[in-house]
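One-letter residues, chain by chain:
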Amino acid sequence: RMFIQVCLYFYCKCLWRCLKFVVRKLTGRCELQRICYNTKPGAARTMKIEASLKGSKSKRLQTSVSVHPDAIEKTIDDIMELKKINPDINPQLGVSLQACLLQIVGYRNLIVEVEKLRREPYDSENLQHEEMLLKLWKCLKPNSPLKARISKQWCEIGFQGDDPKTDFRGMGLLGLYNLVYFAEWDTEVAQQVLSDSLHPKYSQFSKVEWEKKKFDKAIGYSFAIVGINITDLAYNLLVSGALKTHFYNVAPEAPTLTHFQQTFCYLMHEFHKFWIEEDPLDIMEFNRVREKFHKRILKQLQNPEMALCPHFAASESLINM
């Protein structure tokens, strides 16, 4: 059976190469040209270009998706030369390929940057780490001074104990970076979500609505712990490649850490709404709700036109929810 599968694989591969050869002869254009000329900019085009380069029999084309950003222009020249494409006759092709390669290479580099933050543990002896943690408190609780670095007050923003450093073990500094970004960049929403998470009855519903919907059974969740958990979700979406659809549609060039953090803010906001809609009986249902939410996001990202947060106005959408 395995022998038959191997034979079928090579047969299809050879057939596909023959088909591409015939199409090029008929159209006078290589596969890269056909993709750039027939597919509009965005995830659809970039993902096709990426697949074409990775699937090429040429090592030079295969390695073009992992070059240094500074080498992209030289790489484009090499591709044009290898494919025997006259840049003077096809000036737009080089521009389109460059944009796609910037996104492809940028996505790979973003994974490296995010992974580095995830692997870096929180160090209470590091002044920068401590300053970021205190900034998180000030953004979320501006009217409640922190009485001590190690304090039960941390539980008020959703940490499990009196020293938050132990809660960052799973996601390292990445969890803290995301929480601080959310609290600082979209403070109004972060404070609203925190307030809701502390109460069994969500503030944007009236008493009549609560009684009608029987939301009295629903309870809050630990804001900071959920933020670290959603960081894990965002991280897995990134590493698996699922976020390519979103980033290739919203980042005209290389996606950056800021794009990733804005995506985290969006996911926090959407999960908060989803939690309310699901109306769980207790916190023990968290994993079920999270998995259902994860599947919904994955389904959305299967659409090549999808952009999770093209303009990201979480504050306005939460207020109008």
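- The name given to the protein in an unreviewed UniProt entry is ELMD1 protein, with Odontophorus gujanensis as the source organism.

What about the packing of aromatic side chains?
- For the structure shown, the criterion picks out 16 aromatic pairs.
- Ring geometry for Trp154 and Phe159: centres 5.9 Å apart, planes at 85 degrees, overall edge-to-face. Across the pair, exposure class does not vary: Trp154 and Phe159 are buried alike.
- Judged by centre distance (5.6 Å) and plane angle (85 degrees), the rings of Tyr221 and Trp275 are edge-to-face.

Focus: the side chain of His294
- Positionally, His294 belongs in helix H14 (residues 286-301).
- Among the residues examined, His294 registers a relative accessible area of 18% and is labelled buried.

Describing the packing of helix H3 (residues 43-54) against helix H6 (residues 91-119)
- Interhelical geometry of H3 versus H6 gives an angle of 85 degrees and a closest axis separation of 9 Å. On the basis of their axis angle, the class for H3 and H6 is roughly perpendicular. In this structure, H3 uses Arg45, Thr46, Ile49, Glu50 and Leu53 to contact H6, whose residues at the interface are Ser96, Leu97, Cys100, Leu101, Gln103 and Ile104.
- For the contact of H3 with H6, the per-class residue count stands at six nonpolar, three polar and two charged.

Structural notes on the environment of Ile225
- As for its position among the elements, Ile225 is in helix H11 (residues 223-240).
- Judged by relative accessible area, which is 23%, Ile225 ranks as partly exposed.
- Distance from Ile225 to Gly158, taken between C-alpha atoms, is 6.0 Å for residues 67 residues apart in sequence.
- Ignoring sequence-local partners within four residues, the contact set of Ile225 consists of Gly158, Phe159, Gln160 and Asp167.

Brief notes about the state of the cysteines
- This model, assessed by the stated rule, comprises zero disulfides.
- Cys100 takes part in no disulfide bond, and the closest cysteine sulfur to it belongs to Cys36, at a distance of 5.4 Å.
- Looking at Cys309, it has no disulfide partner, and the nearest cysteine sulfur is the one in Cys265, 8.4 Å off.
- Judged by its relative accessible area of 8%, Cys309 falls in the buried class.

Here is what the cut-offs are and how they apply
Residues numbered from 1 in each chain as written. Predicted model: local features only at pLDDT ≥ 70, side-chain atom pairs only at ≥ 80, totals over all residues. Heavy atoms only, no water. Phe/Tyr/Trp six-rings, centres within 6.5 Å; stacked < 30°, edge-to-face > 60°. Buried < 20%, exposed > 50% of the residue type's maximum accessible area, 1.4 Å probe, protein only. Helix = DSSP H or I, 4+ residues; strand = E, 2+ residues; numbered from the N terminus. Axes fitted to C-alpha atoms, helices over the stretch in contact; angles between N-to-C directions. Parallel < 35°, antiparallel > 145°, perpendicular 65-115°, else oblique. Contact = heavy atoms within 4.5 Å. Nonpolar A, V, L, I, M, F, W, Y, C, P; charged D, E, K, R; others polar. Disulfide = S-S within 2.5 Å.

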